[in-house]
Amino acid sequence: MARSGWMKPVEPTRPSDHVSLGVLAKVFPPSLVNEVVTKVGAGEQRSRLLPAWMMVYYVMALALHAAASYEEVMRNLLGGLQWISHRTSEWSMPTKAAIFKARTRLGAPVMIELFDQAAKPFGLQTPRGFLAGLRLVSVDGTTMDLADTPANERAYGRPGTNTEFKSAFPQARLLGLVECSTHAIIGAVTGPCTTAENDMYPGLHHKLDSSMLLMADRGFFSYRSFKDSAATGAQLLWRVRGNMVLPVHEEFEDGSYLSAVYEGTKERRNNVDPIRVRVVEYAVGDGEKTSEFRLLTTILDPGIASARELAEAYAKRWEIELCFKEMKTHQRGPSVVLRSKTPEGVLQEIYGYLCAHYALRTLIGEVAAEFDEDPLRISFTRTLRAARRSMATRPGFYP
């Protein structure tokens, strides 16, 4: 007997048509998905046609197929489940309304918690990704265009312009923590586009540890932010303004010097609660334009990392920009707006993108390790296309 709101059974499809469930399930196995669903209280009290665990993979599949319709992504997802389980008629194609209701039931906390638990650094210790045994990570922000609805504009804001007209779309701000050697996003927080990145940054502190050298641009520096970041155990390498007062306490042969930062002028005058830092100053030019850099680091001993080594490491901070480009331009599409029309759906969708990107980057990292190759020399777009058209492994779903 046909169920209300459902279409006829999906026809068997070829493996090459399936969403790459193997790529997703390898990084986000069903056991972890079920654990997170239970933890956040998103499980069902009764059997559902679209259970929470299935919708988790569906949200990630939407992020892999940003240009496809809701129904097309679900058709491929169900087709993949059919092919894996060798069934040909037990999975039915739900309507768009049924999919929307299932996404609403799932909510955003499941995807946020799933990403937070799974996203961890995995790059091998190489000169490209490490300095003095410390893993190079970078923090920075970007924005994502949202569906133009009153609810999204109220929740996330719409950036203004220099004219009386506002931006075409509301925007959400995304702050990411990225492993420089792999482009893996290992931590993320989101908020309205009107929220300053510095205000969002404490939400990433729990992702920092003593194995890392955290790099940040000058917009992140404040006395409190620097102090709280150092308290996580991570070493810091942050750019600061050129006019910042930094007294020279001791000079080193490599051109760097010891100094201290204070919360304010009064504290500096009375030497209250200083943070000892090492300062590295240098200039980068291309023959026409020269940019001056001033870095603060908590690595006080030049014998551990010289000024030159620190400057070369800081140049790798820009890998985070390429990482955001992968997710926003290649994975999502250069002109594609997030499809969710509600603030909760937007949050769910953003973390679906983050999960899918992390799964792809993990796959690239595993291939790179197997063939002793640099992960950043393996094409992200080719990996994305392969993940869209084929299934890498048997993911071990239970139907």
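Structural data are supplied above this passage.
About the thresholds
Residues numbered from 1 in each chain as written. Predicted model: local features only at pLDDT ≥ 70, side-chain atom pairs only at ≥ 80, totals over all residues. Heavy atoms only, no water. Buried < 20%, exposed > 50% of the residue type's maximum accessible area, 1.4 Å probe, protein only. Helix = DSSP H or I, 4+ residues; strand = E, 2+ residues; numbered from the N terminus. Arc of directions from axis to C-beta. Contact = heavy atoms within 4.5 Å. Axes fitted to C-alpha atoms, helices over the stretch in contact; angles between N-to-C directions. Parallel < 35°, antiparallel > 145°, perpendicular 65-115°, else oblique. Left-handed = near helix turned anticlockwise from the far one by under 90°. Nonpolar A, V, L, I, M, F, W, Y, C, P; charged D, E, K, R; others polar. Polar contact = N/O pair within 3.5 Å; in protein donor to acceptor, adjacent residues only side chain to side chain. Salt bridge = Lys/Arg side-chain N within 4 Å of Asp/Glu carboxyl O. Phe/Tyr/Trp six-rings, centres within 6.5 Å; stacked < 30°, edge-to-face > 60°. Pairing = 2+ DSSP bridges. Right-handed = clockwise from strand over helix to strand, strands pointing away.

*Asks:* What should I look at first to understand helix H5 (residues 96-106) in this one?
*Replies:* The α-helix advances 3.6 residues per turn, and as a result positions three or four apart in sequence lie on the same side. Those residues of H5 not exposed but buried are Ile99, Ala102, Arg103 and Leu106. Projected down its long axis, H5 carries its buried residues within an arc of 100 degrees, all on one side. Facing away from the buried surface of H5 by more than 90 degrees, the exposed residues are Phe100, Lys101 and Thr104. Taken from the residues just after H5, glycine 107 is the one with a positive phi, measuring 75 degrees.

*Asks:* Looking at this model, I keep getting lost on helix H2 (residues 30-39). Mind explaining?
*Replies:* All buried positions along H2 are accounted for by Pro30, Leu32, Val33, Val36 and Val37. Along the long axis of H2, the arc covered by the buried residues comes to 160 degrees, so they all point the same way. Pointing more than 90 degrees away from the buried face of H2 are the exposed residues Ser31, Thr38 and Lys39. In this fold, the buried residues of H2 make contact with helix H1 (21-27), helix H3 (52-64) and helix H6 (109-118).

*Asks:* Is there a simple way to think about the packing of H6 against helix H13 (residues 343-370) in this case?
*Replies:* The packing of two helices is summarised by the inter-axis angle and the distance between the axes. Across the interface, H6 lies against H13 with an axial gap of 8 Å and an inter-helix angle of 25 degrees. Put simply, H6 runs roughly parallel to H13. Once H6 is placed against H13, the crossing between them reads as left-handed. Contact residues: Pro109, Met111, Ile112, Leu114, Phe115 and Ala118 in H6; Glu344, Leu347, Gln348, Tyr351, Gly352, Leu354, Cys355 and Tyr358 in H13. Considering only residue class, the contact of H6 with H13 consists of 11 nonpolar, 2 polar and 1 charged.

*Asks:* Sorry if this is basic, but what is going on with the side chain of serine 256 here?
*Replies:* Within the secondary structure, serine 256 sits in the loop between strand S9 (250-251) and strand S10 (257-261). By relative accessible area, which is 1% here, serine 256 ends up buried. Separated by 2.6 Å, the side chains of serine 256 and aspartate 254 make a polar contact. Filtering out sequence-adjacent residues up to four positions away, serine 256 remains in contact with Glu250, Glu251, Arg278, Val279, Val280 and Ala307.

*Asks:* When you look at the pattern of salt bridges in this model, what are you seeing that I'm missing?
*Replies:* Once their charged atoms are close, side chains differing in charge can pair, the charge on each being opposite to the other. The tally for this structure, following the rule as stated, stands at 17 salt bridges. As a salt-bridge pair, arginine 224 and aspartate 228 come within 3.8 Å of each other at their nearest N and O atoms. Of this pair, arginine 224 and aspartate 228 both sit in helix H9 (residues 223-230), 4 residues apart, which is roughly one turn of the helix. The partly exposed category is assigned to arginine 224, whose relative accessible area is 39%.

*Asks:* What is the right way to read the packing of aromatic side chains from this model?
*Replies:* The description of an aromatic ring pair rests on the distance of the ring centres and on the angle between the ring planes. For the structure shown, the criterion picks out 8 aromatic pairs. Arranged with centres 5.6 Å apart and planes meeting at 55 degrees, the rings of phenylalanine 221 and phenylalanine 226 form a pair that is tilted. We classify phenylalanine 226 as buried; its relative accessible area is 0%. Consider the rings of phenylalanine 226 and tryptophan 238, whose centres lie 5.2 Å apart with planes at 90 degrees: the pair is edge-to-face. Of this pair, phenylalanine 226 sits in helix H9 while tryptophan 238 sits in strand S8 (residues 235-239), placing them 12 residues apart in sequence. Comparing phenylalanine 226 with tryptophan 238 shows no difference in burial state: the two are buried. Taken together, the aromatic side chains of Tyr201, Phe220, Phe221, Phe226 and Trp238 make up a single cluster linked through ring pairs.

*Asks:* What should I look at first to understand the pairing of strand S7 (residues 212-216) in this one?
*Replies:* In the case of a regular strand, side chains alternate between the two sheet surfaces. Extensive coverage of S7 is indicated by the burial of 5 of its 5 residues. Alternating positions in S7 separate into two faces, Met212, Leu214 and Ala216 on one and Leu213 and Met215 on the other, with burial throughout. The sheet contact formed by strand S4 (residues 134-145) and S7 spans 4 bridges and is parallel. Each bridged residue has a counterpart across the sheet, and for valine 137 the counterpart in S7 is leucine 214. Traced from S7 through H9 to S8, the parallel crossover comes out right-handed.

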